[in-house]
Amino acid sequence: MAGLTTSLIWIISSLTAAGYAYRFPSHHLHHLHRRDTTWTALGCWTDGVDGTRTLSAATYTDTVNMTIESCVNFCSTGSNAYVYAGVEYAQECYCGNYFFSGATNVSSSDCDMACTGNAGEVCGAGNRLDIFWSGVQPPAPPILVPSVGNWSLLGCYNDSATRALPYGTGVTGSVTVESCTTACYNAGYPYAGMEYADECYCGMTIENNSGPTPDAGCDMTCAGNSSEYCGGSYQLSMYNYTQAITVAPVVNPTNPSTVSPVTSGLTGNWTYGGCYVDNVNGRVLGNEFDSSNMTVESCIANCAGQNFTIAAIEYSTQCFCGDYLINGATEGADSDCNMACGGNATEACGGPNLLSVYSSNGNITLLPVPVLQTTNLPGQWVYEGCLAEPSTGARTFPYENEWDTNNTVDACLNQCAAFGYPVAGLEYGVQCFCGDVSDITAVDGTYVSDSQCNMACSGDPIHLCGAGSRLSTYYWNGTLNTWNTPANTGYYEFLIGGLVVPLIATVGINNKVTFLEKWGTSEYDNSTGAYELDLSLVDNYQLAWREMHVQTDVFCSGSIILPDLGGRQINVGGWSLTSTFGVRLYTPDGSPGVNGTNDWEENVNELTLQRGRWYPTAMMMPNGSILVVGGESGSNASPQPSLEILPAPPGGDTVVTLDYLQRTDPYNLYPFLMVLPSGRFFIGYYNEARILDPVTFDTVTVLPNMPGAVNNFLAGRTYPMEGSAVLLPQYAPYTDPIEVLICGGSTIGAAIALDNCISIAPEVSNATWTVERMPSQRVMPCITTLPDGTYMIMNGAQQGVAGFGLATDPNLGAILYDPSQPIGQRISILNTTIVARLYHSEATLLPDGRVLVSGSDPQTYYPNGSYVYPEEMRIEFNITETDWELGGQYSITVTLFQGTTSTMRVSLVAASSSTHGNVMSGGRIIFPAFSCSGTTCTITAPPNAYVCPPGWHQLFILDGPTPSHSAWVRIGGDPAQLGNWPDYPDFTTPGV
């Protein structure tokens, strides 16, 4: 017998009171310290201070494949030859030659988000950059060029809608101090100003009360030279020519007879739409393109090429595109647009803050000045105010959606509400954040004047969506989630010391628990791979455990209980080589207090799967055969996207390939399998689900994709993102549609654990998923069906994915899910443990209604464990017939302590085997019809094998919050004659 380790097994009793409404050896993400190249890590730095990026040159985002290597490569290739590279928010890459905005070096723990393309690397966090240095000394920082030839810098000057320099001009090439001053000299103007990095203006004088401002306001590097500053937002780098200019100033013709709009001969259906006033309340069009050779035709070609319906020309050389005019644009007189185009002196190209507008469909849509949306909000949302982000650069809310073209207040509020978040914030026009009021409290959030939230929404130009570091904030006026805290939240107590860390836990019909663990790859050299626990002897460690044996490695295999007379346990698949083909059988024997003698039987030369499988799922079909689906062909090997049947049908290879498992590999291991009342099969894999025909296995219905995270629809629910799934209760007469519940999971890359459960009635018309938020994030949860039809959800981590060393932050709390309560009120918060239960932990229902909690990843902690139990006033009942036919009637005699037969309940919990949170019976619970006369009650068995696939069930009687001890009953017999299989002399067959 394997030696005693510090691994412990604990137990938790069912909390069944009616009326409840509701990360293994810790392998931390690593920061890159030294690469094979000369790039070196500089640590974690703040970003977004005062709304300015620390690295402000080239950038890109990759929501799936961002890594440190890919970002460094981007920032060091071709034209992107920068000194620094930084990764942020798991998916963002920034480059630059300088640090801006007073960025400061902070603790490396602030950068804690895994890269979307490599969960083992850290890619910053919200407003936190992991910065890397090429080893090259950075160039001198950009400057306000003091002079260019005879041009002298006057300083940084303010600008406005009424321009300081009225003549806008195109330049040769990109805007630099040199190209702009040259263009103004050639146009005959003694003043030149650069603005917004790529705009050039000229004038005879400085107009409209413009004057000097602090040089810091001119902080945008020139589009054509990053070593020079070219103004800023409404800030001009102002230059004056100090000698006489001999060139006559360019004067645009204003005579309508010599300059006019183009009213004929335009391409397609483009027509002139009028002269419109710009910049009274901000730009009325975006998507600017400048050219000193601008014509109406070239501007239209530019806009049409981008599929815009409006083109507009301003200041002779500036072209703008869009689909409507925003910011309260108003129409002026055609004669006001009197500046000749830079490329055609006869065409009118707007004027100072005046646009010559053209349309491809004859419509010019004018939108008002955007305002805060405070009325006509969806649901119970109310506007709260303009919230300032923390000055430290940290984010207020944890979940961000970036919607560059379709961000609206309604869309953001609806998204947050759908996932149970009562606070929504919109920022930078394109960002939607979701969170809780507590998030604001945690950062000492401060509300500022509404006027500071002044950026239009990217998908709704008439409403405002925050601004730089400013959030238009909304609260849900009501309760989205009711998480109850019952009077009895339970307590935790040690049960018995463990031998190994078990991977698979199964309660046998002998009321003992078998455990399977890695064999051959176990960290314990003397492990035999299989053990049985006698719960009646837990006070005597030496007697409680019985050593058993397997012949190949069961690491990450699948198990179910057979419907034969012996209630055999079958285990399929395994770690590698021959073990992946393994079929192992054990017939439970002995009784509480009396050791059995049977052991696991296996012979890979006689009985195997048709395909080798690692991480497969097994399911009992209504016809009594075994369905085995999915997995990989070996340890981290090629996918096995197929299904097969045991016993193998005659006729050679009968494996069926499933293209959708091939397509979603490797995110679909241990798929969820369940028999539906129609006889069809539900399969859930990655973030998809479908209904299969039980004979052909063809797809009958493709269900909607499973919702993921509020900010990531690509989150997954099966291994390695690993949530857990069960069927919700079925009640006689079995006419209500059955529902599937799936809780927890994680995201690809960043591995952010999910904080929600989802449910669906897959066979109703237009089936949709319902999302219910949990009190905390959870990946690798275990769900245990309790005798009263509620579900214990426990174990797992709050960050990471399943696997050795791939999760952190253990979730120590248990919750109870009660499907009899309204949506949003089904969860109760139970007690917490001090024991981490992560990878390879299980939770198993015992015959006395308690839940056995075992295991955890042996490479992280050797965990302690937990158990909760209520008052011990148990119902007693006697039963003589335990082999039930479908639809048959069977009598029991009951002794009640807390109620009467009028309030009594009867439940049947299908025998199951659990591994990796996958309950391979679907966690099926049935509440059959029954009637009582005195203390004699007659139970009517379920009507067919679709409602109740053949197999063993624990029969529980409840007359209050506490269930009876269960009795095992077999329902539906052994239709596939598995009790006579396999027909080999070295296998024991118990009969049918």
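That block above? That's the structure.
Residues numbered from 1 in each chain as written. Predicted model: local features only at pLDDT ≥ 70, side-chain atom pairs only at ≥ 80, totals over all residues. Heavy atoms only, no water.

Participant: An account of the pattern of salt bridges is needed here, citing residue identities and associated values.
Facilitator: The final tally for this structure, using the stated rule, is 22 salt bridges. Ionic pairing is found between Arg283 and Glu314, a salt bridge with its closest N-O pair at 3.4 Å. Of this pair, Arg283 sits in the loop between strand S21 (271-277) and strand S22 (286-290) while Glu314 sits in strand S23 (residues 310-314), placing them 31 residues apart in sequence. Assessed through its relative accessible area of 0%, Glu314 is described here as buried. The shortest N-O distance in the salt bridge between Glu389 and Arg395 comes to 3.4 Å. (Salt bridge = Lys/Arg side-chain N within 4 Å of Asp/Glu carboxyl O. Helix = DSSP H or I, 4+ residues; strand = E, 2+ residues; numbered from the N terminus. Buried < 20%, exposed > 50% of the residue type's maximum accessible area, 1.4 Å probe, protein only.)

Participant: Tell me about empty space enclosed by the protein, and please be specific about residues and values.
Facilitator: Space inside the largest cavity adds up to approximately 210 Å³. Around the largest cavity, the lining is made up of 17 residues, and of these Met620, Ala910, Ala911, Ser921 and Pro949 lie nearest the centre. Counting residues per element, the ones that place at least two in the lining of the largest cavity are strand S43 (558-561), strand S46 (617-620), strand S50 (672-675) and strand S76 (951-958). Considering only residue class, the lining of the largest cavity consists of 13 nonpolar, 3 polar and 1 charged. Taken as a whole, the second largest cavity encloses approximately 160 Å³ of empty space. Taken together, 19 residues form the lining of the second largest cavity, with Thr784, Thr844, Leu845, Ser912 and Val919 sitting closest to its centre. Counting only elements with at least two residues in the lining of the second largest cavity, the list comes to strand S39 (504-507), strand S59 (782-785), strand S65 (842-845), strand S70 (905-910) and strand S71 (913-915). In terms of residue class, the lining of the second largest cavity is made up of 10 nonpolar, 9 polar and no charged. (1 Å grid on protein atoms, 1.4 Å probe; cavity = no way out; pocket = protein on both sides within 12 Å on 5 of 7 lines; lining within 4 Å. Points joined across faces, edges and corners; volume = space filled by probe spheres on them. Nonpolar A, V, L, I, M, F, W, Y, C, P; charged D, E, K, R; others polar.)

Participant: Can you lay out unusual backbone geometry for me, pointing to particular residues and giving the numbers?
Facilitator: Going from Asp665 to Pro666, the amide bond is cis rather than trans, its omega being 5°. Among the structural elements, Pro666 can be located in the loop between helix H7 (659-664) and S50. For the bond running from Tyr719 to Pro720, omega is 10°, close enough to zero to count as cis. Here Pro720 shows up in the loop between strand S53 (699-702) and strand S54 (724-727). A positive phi angle, near 65°, is found at Tyr734, a position not held by glycine.

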